[in-house]
Amino acid sequence: MPNPTVPSADQVAQTTATLAQIRDYLRTDPPASEALPLLAGLLDEDTGVPILLGDVLRSAARLVSQQAGAQTDEIRLIITGLREAAQEATDWHILHWDIQRLNGLTFAPAAPAS
């Protein structure tokens, strides 16, 4: 496996800022036809946020397990928490299918705000 480049703290901040931007955009109640492509990318079954986040959390658990030194109860709890969160995040990949089903539906135009 080739050595990946280490992301910078700025890159991670940009990633989370982009997610916040999407969140803020979706809170404006955009047309579903505009929102669904964003959601499809975010929830892709192979490369979407749930899969990537699960992989990141599993890797973090492995790293802590390998490098923590003494395996105290606290360290074991942290590793277990990371692994459980990883599984939960990965389980969200099924939302990909919901987005696919939504893409097949016709949405009524949004009602004007009163």
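Keep in mind that this is a model prediction, so the values were computed, not measured.

1. Digging into the overall build of the chain
Next, step 1: Along the backbone of the chain there are five helices and zero strands.
Next, step 2: When the elements of the chain are put in sequence order from the N terminus, they spell out α-α-α-α-α.
Next, step 3: Scaling as 2.2 N^0.38, a compact globule of 114 residues should have a C-alpha radius of gyration of about 13 Å, whereas the chain reaches 18 Å, well beyond that.
Next, step 4: Overall size of the chain, expressed as C-alpha extent along the three principal axes, is 60 × 35 × 30 Å.
Next, step 5: Out of the 114 residues in the chain, the part that is buried amounts to 18%.
Next, step 6: Partitioning the contacts of the chain with sequence separation of at least 6, the portion at a separation of at least 24 is 55%.
Next, step 7: Taken as a whole, the chain presents about 8600 Å² of accessible surface, with 61% of it coming from carbon and sulfur.
Next, step 8: Within the chain, the 14 negative side-chain charges are centred at a point lying 6 Å from the centre of the 7 positive side-chain charges.

2. Quick notes on unusual backbone geometry
Next, step 1: Residues other than glycine seldom take positive phi values, yet Asp29 does so here, at roughly 60 degrees.
Next, step 2: Here Asp29 shows up in the loop between helix 1 (9-26) and helix 2 (32-42).

3. Points about the confidence of the model for the chain
Low pLDDT means the predicted atomic positions in that stretch should not be read closely.
Next, step 1: Residues of the chain with pLDDT of at least 70 account for 91%, and the chain-wide mean is 89.
Next, step 2: The least confident element of the chain, judged by mean pLDDT, is helix 5 (residues 95-103) at 84; the most confident is helix 1 at 96.

4. Looking at the packing of helix 2 against helix 5
Next, step 1: Close contact between helix 2 and helix 5 brings their axes to 9 Å; oriented N to C, the two are set at 155 degrees. Considering their axes alone, helix 2 and helix 5 lie roughly antiparallel with respect to each other. Along this stretch, helix 2 crosses helix 5, giving a crossing that reads as left-handed. Residue-level contacts link Leu36, Leu39 and Ala40 of helix 2 to Ile99, Leu102 and Asn103 of helix 5.

5. A few points about the nonpolar core
Next, step 1: The biggest cluster of nonpolar side chains holds six residues, and these are Leu57, Ala61, Ile75, Ile79, Leu82 and Ala86.
Next, step 2: Put simply, the parts of the chain that give this core at least two residues each are helix 3 (49-67) and helix 4 (73-91).
Next, step 3: With four residues, helix 4 is the largest single contributor of residues to this core.
Next, step 4: With sequence-adjacent residues up to four places away left out, Leu82 is seen in contact with Leu57, Ala60, Ala61 and Val64.
Next, step 5: Core analysis: the next-biggest nonpolar cluster, separate from the first, contains five residues, Ile22, Leu36, Leu42 and Ile99 among them.

6. Considerations on the pattern of salt bridges
Next, step 1: Per the stated rule, a full pass over the model turns up four salt bridges.
Next, step 2: A salt bridge links Asp73 to Arg76, with the shortest nitrogen-to-oxygen separation between them at 2.8 Å. Of this pair, Asp73 and Arg76 both sit in helix 4, three residues apart, which is roughly one turn of the helix.
Next, step 3: Taking the relative accessible area as the measure of exposure, Arg76 reaches 39% and is therefore partly exposed.

7. Points about the environment of Thr90
Next, step 1: Among the structural elements, Thr90 can be located in helix 4.
Next, step 2: For the pair Thr90 and Gly48, spaced 42 residues apart in sequence, the C-alpha separation works out to 9.6 Å.
Next, step 3: Setting aside its immediate chain neighbours within four residues, Thr90 contacts Pro50, Ile51, Gly54 and Arg58.

Here is what the cut-offs are and how they apply
Residues numbered from 1 in each chain as written. Predicted model: local features only at pLDDT ≥ 70, side-chain atom pairs only at ≥ 80, totals over all residues. Heavy atoms only, no water. Helix = DSSP H or I, 4+ residues; strand = E, 2+ residues; numbered from the N terminus. Rg over C-alpha atoms; globule rule 2.2 N^0.38 Å. Buried < 20%, exposed > 50% of the residue type's maximum accessible area, 1.4 Å probe, protein only. Contact = heavy atoms within 4.5 Å. Areas by Shrake-Rupley, 256 points an atom, 1.4 Å probe, with all protein chains shown as cover. Lys, Arg positive; Asp, Glu negative; His and termini not counted. Charge placed at Lys NZ, Arg CZ, Asp CG, Glu CD. pLDDT = per-residue confidence, 0-100. Axes fitted to C-alpha atoms, helices over the stretch in contact; angles between N-to-C directions. Parallel < 35°, antiparallel > 145°, perpendicular 65-115°, else oblique. Left-handed = near helix turned anticlockwise from the far one by under 90°. Core = buried A, V, L, I, M, F, W, Y, C linked by side-chain atoms within 4.5 Å. Salt bridge = Lys/Arg side-chain N within 4 Å of Asp/Glu carboxyl O.

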